[in-house]
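Listed here are the chains, written in short residue letters.
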Amino acid sequence: MSVTQQLQLLVKLPDGWSSRIDIQRTADGRYAGVAELSLRGLKRGVLVFMQQPTLEAAVERVRLRASQFARARLSLPSARS
């Protein structure tokens with residue numbers, strides 16, 4: 001994968017979650033990268049997202065997967081105490 005452009009975004013998510021996203025634009029114009037998920041400033045996980053056709057699609061993919069991750073974490077017994 002030849003990288004032509006790299007971006008870094010911060011996305012606010014519901015319930016105190018946020019995500020710092022490192023996105024790379026490939027030579028063929030697609031977007032892929034890594035999103036670090038944090039809850040109230042504490043790192044809680046990392047998501048890798050595969051190539052998406054547009055920057056908007058990549059950000060929406062992260063929002064969807066991060067929301068699923070957050071819901072799963074909040075449903076764990078240790079998260080309730």
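How each quantity is defined
- Sequence order as written defines residue numbering, which begins from 1 separately in each chain.
- Side-chain atom pairs in this predicted model are given and counted only at pLDDT of 80 or more, local residue features only at pLDDT of at least 70, and totals for whole chains, interfaces and linings cover all residues.
- Think of the side-chain values as coming from all heavy atoms in the structure, minus any hydrogens and water.
- Here pLDDT means the predictor's own confidence in every residue, given as a number from 0 to 100.
- Comment: elements are numbered from the N terminus, with helices defined as DSSP H or I runs of at least four residues and strands as E runs of at least two.
- The pairing criterion is simple: DSSP has to find at least two bridges between the two strands.
- Contact between two residues is taken to exist if any of their heavy atoms lie within 4.5 Å; hydrogens are not considered.
- Take the buried Ala, Val, Leu, Ile, Met, Phe, Trp, Tyr and Cys residues and link them wherever side-chain atoms come within 4.5 Å; each set so joined is a nonpolar core.
- Under the scheme applied here, a residue whose accessible area is under 20% of the maximum for its type counts as buried, over 50% as exposed, and between as partly exposed, the area being computed with a 1.4 Å probe on protein chains only.

**Considering the confidence of the model for the chain**
- Confidence in the prediction for the chain averages 86 pLDDT; 88% of positions are at 70 or higher.
- Least confident of the elements in the chain is helix 2 (residues 77–80), whose mean pLDDT is 57; most confident is strand 3 (residues 31–39), at 94.

**Describing the pairing of strand 2 (residues 17–26)**
- Bridge analysis of strand 2 against strand 3 gives 9 bridges, and the strand direction is antiparallel. What sits directly across from Ser18, in strand 3, is Ser38.
- The turn joining strand 2 and strand 3, which pair antiparallel and follow one another in sequence, is formed by 4 residues; a positive phi near 85° is taken by Gly29.

**Some remarks on the environment of Pro53**
- Along the polypeptide, Pro53 turns up in the loop between strand 4 (42–52) and helix 1 (55–74).
- Contact partners of Pro53, with chain neighbours within four places excluded, come to Gly29, Arg30 and Tyr31.

**With respect to the nonpolar core**
- Ranked by internal contacts, the top residues of the largest apolar core, which has 16 residues, are Leu13, Trp17, Ile21, Ile23, Leu37 and Phe49.
- At 5 residues, the largest contribution of residues to this core is made by helix 1.

**Digging into the environment of Phe69**
- Here Phe69 lies in helix 1.
- As for Phe69 and Arg44, which are separated by 25 residues in sequence, their C-alpha atoms are 9.7 Å apart.
- Ignoring anything within four residues of it in the chain, the contact list for Phe69 reads Trp17, Leu37, Arg44 and Gly45.

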